[in-house]
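Reading the structure
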Amino acid sequence: MHLTLRQLTLFESVARHLSYTRAAEELHLSQPAVSMQVRQLEEAAGLPLLERMGKRLYLTEAGQEVYDYARRIGQQLQELDEVMASLRGVQRGHLRLSVATTAKSFATRILAAFSRRYEGISYSLDVTNRKTLLGQLENNETDLVIMGQPPKGLDLEGQAFMENPLVVIASPDHPLAQEAGPIPLQRLEQETFVVRERESGTRIAMERFFSERDIRLQTGIETTSNTTIKRAVEAGLGLGIVSLHTLRLELMAGTLVVLEVEEFPIIRHWHLVHRRDKRLPPIARAFQEFLTGPEGRELGSHSLPD
Ligand code: PGA
């Protein structure tokens, strides 16, 4: 099969967008130029790769295969680029970092400290939930991920670098905020909780914690945002469970309080995770050493409110 890298790159973009127009925009080419290359690729394959039904474009079975290969080849080329960059030295590289929603409260501070050490590095920082992070690792779409404990059996390598305590929060005028002494877990069954979405690490950890203790919580608003949980709890819409990392400003301003609940906080750990089979670019290795070394630990100890 005779094809060119250029045809594969163009086809990858058309298949990802399922649109010639958007691929042409992305690649700064004319639409006819893109469709001509895709037609030539179809001729080389001897099979149609795309079909149009009504207004929509679909990948054929052969198209799906070519798309999978095109993506993997693209990633390999990027890796090659990074290896070459490594031979030129760590000073010029690009770090692709993805972090759990909750970790954004400290990730930028870590990146700022790291970038003072390595100038001339560019970054992409994606913030998303646990499920999406695992998908990104599986598809090799990121170098490193900051998340809770990675699941076993996925061929991932993770190193714990910092504690992540989960606490129960309330508005200061909530009746439980006035209670002295540890609040029994059972008492929480009478309250409504504002919770994160099901794919969130915080939500998974809290559900596991309560179900292991046979406690049934009532859940109210469900949201993908820790900030929304905090605002809803401040507004008296219920209690919340969030990472202590997200509470610096609210505890300082006194708009939220951490309740003293039996067996709390739930202690989790932040992990720096990558695919075991991934050849990490040097800048990613430098970041790994930075975060798990003395400087990273020092930053970690300052990223929780006093
Ligand atoms: P998340 O946090 O709830 O923002 O996904 C990740 C985690 O604690 O694992």
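Predicted model only: the values in this text are computed from it and were never measured.

Quick notes on the overall build of the protein
Check the secondary structure of the protein and you find 11 helices and 11 strands. Structurally, the protein occupies a C-alpha span of about 75 × 50 × 35 Å along its principal axes. Put simply, the protein has 306 residues, and 47% of those count as buried. Sequence separation of 24 or more characterises 76% of the internal contacts of the protein that already satisfy a separation of 6 or more. When the accessible surface of the protein is split by element, carbon and sulfur atoms take 50% of a total near 16100 Å². Averaging the positions of the 36 positive and the 40 negative side-chain charges in the protein gives two centres separated by 4 Å.

Digging into the pattern of salt bridges
For the coordinates displayed, the defined rule picks out 17 salt bridges. Close ionic contact of K278 with D143 constitutes a salt bridge, the shortest N to O distance being 3.6 Å. Of this pair, K278 sits in the loop between β11 (266-275) and α10 (282-292) while D143 sits in the loop between α6 (130-138) and β5 (144-147); the two residues are 135 residues apart in sequence, bridging distant segments of the chain. Neither K278 nor D143 differs from the other in exposure class; each is buried. The residue R187 makes a salt bridge to E191 at a minimum N-O spacing of 2.9 Å. Relative accessible area serves as the criterion here: at 11%, E191 is assigned to the buried category.

Describing the site of the ligand
Inspection of the region around the ligand gives A100, T101, T102, R130, G148, N164, R196, S200, G201, T202, R268 and W270 as its neighbouring residues. Between the ligand and the protein, one listed contact pairs an oxygen atom with a backbone N or O atom of G148 at 3.2 Å. A distance of 2.8 Å separates an oxygen atom of the ligand from a polar side-chain atom of S200. Expressed as a share of its isolated accessible area of 280 Å², the protein-covered part of the ligand is 100%.

Thoughts on the domain arrangement of the protein
Domain boundaries in the protein define domain 1 (5-82), domain 2 (90-162 + 269-301) and domain 3 (164-268). One C-alpha centre belongs to domain 1, the other to domain 3; they are set 47 Å apart.

As for the packing of aromatic side chains
Under the criterion given, the structure shown has 8 aromatic pairs. With 6.5 Å between their ring centres and 70° between their planes, F114 and Y123 make a pair best called edge-to-face. Since its relative accessible area comes to 0%, F114 is described here as buried. The exposure class of Y123 is partly exposed, given its relative accessible area of 26%. Summarising the aromatic geometry, the rings of F209 and F210 are spaced 5.1 Å apart at their centres and angled 90° between planes, so their arrangement reads as edge-to-face. The same class applies to F209 as to F210, namely buried. Feature note: the residues F114, Y118, Y123, F287 and F290 constitute an aromatic cluster, connected by ring pairs. Note that R71 overlies the ring of Y67, its terminal NZ or CZ placed 5.5 Å from the centroid. Over the ring of F209 we find R213, and its NZ or CZ is 3.9 Å from the ring centre.

A word on the nonpolar core
In terms of nonpolar packing, the biggest core is built from 33 residues, with I146 and F287 touching the most fellow members. Broken down by secondary-structure element, the contributors of at least two residues to this core are β3 (94-100), α5 (104-117), α6, β5, β6 (156-170), β11 and α10. Listed in part, the 21 residues of the second largest apolar core include L166, V195, I215 and L239.

Things to note about the packing of helix α2 (residues 20-27) against helix α3 (residues 31-45)
For the pair α2 and α3, the least separation of the axes is 8 Å and the interaxial angle reads 110°. By the angle between their axes, α2 is roughly perpendicular relative to α3. On the side of α2, the interface is formed by Y20, T21 and A24, while α3 contributes Q31, V34, S35 and V38. Across the contact of α2 with α3, the residue classes tally to 4 nonpolar, 3 polar and no charged.

Here's the deal with the environment of T102
Following the sequence through the fold, T102 ends up in the loop between β3 and α5. On the basis of relative accessibility, which here comes to 4%, the residue T102 falls in the buried class. Distance from T102 to N140, taken between C-alpha atoms, is 22 Å for residues 38 residues apart in sequence. A distance of 3.4 Å separates polar atoms of two side chains, one belonging to T102 and the other to R196.

Describing the environment of I221
Turning to its location among the elements, I221 is positioned in strand β8 (residues 218-223). Of the residues examined, I221 reaches a relative accessible area of 38% and is grouped as partly exposed. For the pair I221 and G238, spaced 17 residues apart in sequence, the C-alpha separation works out to 8.9 Å.

Cut-offs and rules
- Residues numbered from 1 in each chain as written.
- Predicted model: local features only at pLDDT ≥ 70, side-chain atom pairs only at ≥ 80, totals over all residues.
- Heavy atoms only, no water.
- Helix = DSSP H or I, 4+ residues; strand = E, 2+ residues; numbered from the N terminus.
- Buried < 20%, exposed > 50% of the residue type's maximum accessible area, 1.4 Å probe, protein only.
- Contact = heavy atoms within 4.5 Å.
- Areas by Shrake-Rupley, 256 points an atom, 1.4 Å probe, with all protein chains shown as cover.
- Lys, Arg positive; Asp, Glu negative; His and termini not counted.
- Charge placed at Lys NZ, Arg CZ, Asp CG, Glu CD.
- Salt bridge = Lys/Arg side-chain N within 4 Å of Asp/Glu carboxyl O.
- Near = heavy atom within 4 Å.
- Polar contact = N/O pair within 3.5 Å; in protein donor to acceptor, adjacent residues only side chain to side chain.
- Domains from an automatic or database assignment.
- Phe/Tyr/Trp six-rings, centres within 6.5 Å; stacked < 30°, edge-to-face > 60°.
- Lys NZ or Arg CZ within 6 Å of the ring centre and 35° of its normal.
- Core = buried A, V, L, I, M, F, W, Y, C linked by side-chain atoms within 4.5 Å.
- Axes fitted to C-alpha atoms, helices over the stretch in contact; angles between N-to-C directions.
- Parallel < 35°, antiparallel > 145°, perpendicular 65-115°, else oblique.
- Nonpolar A, V, L, I, M, F, W, Y, C, P; charged D, E, K, R; others polar.

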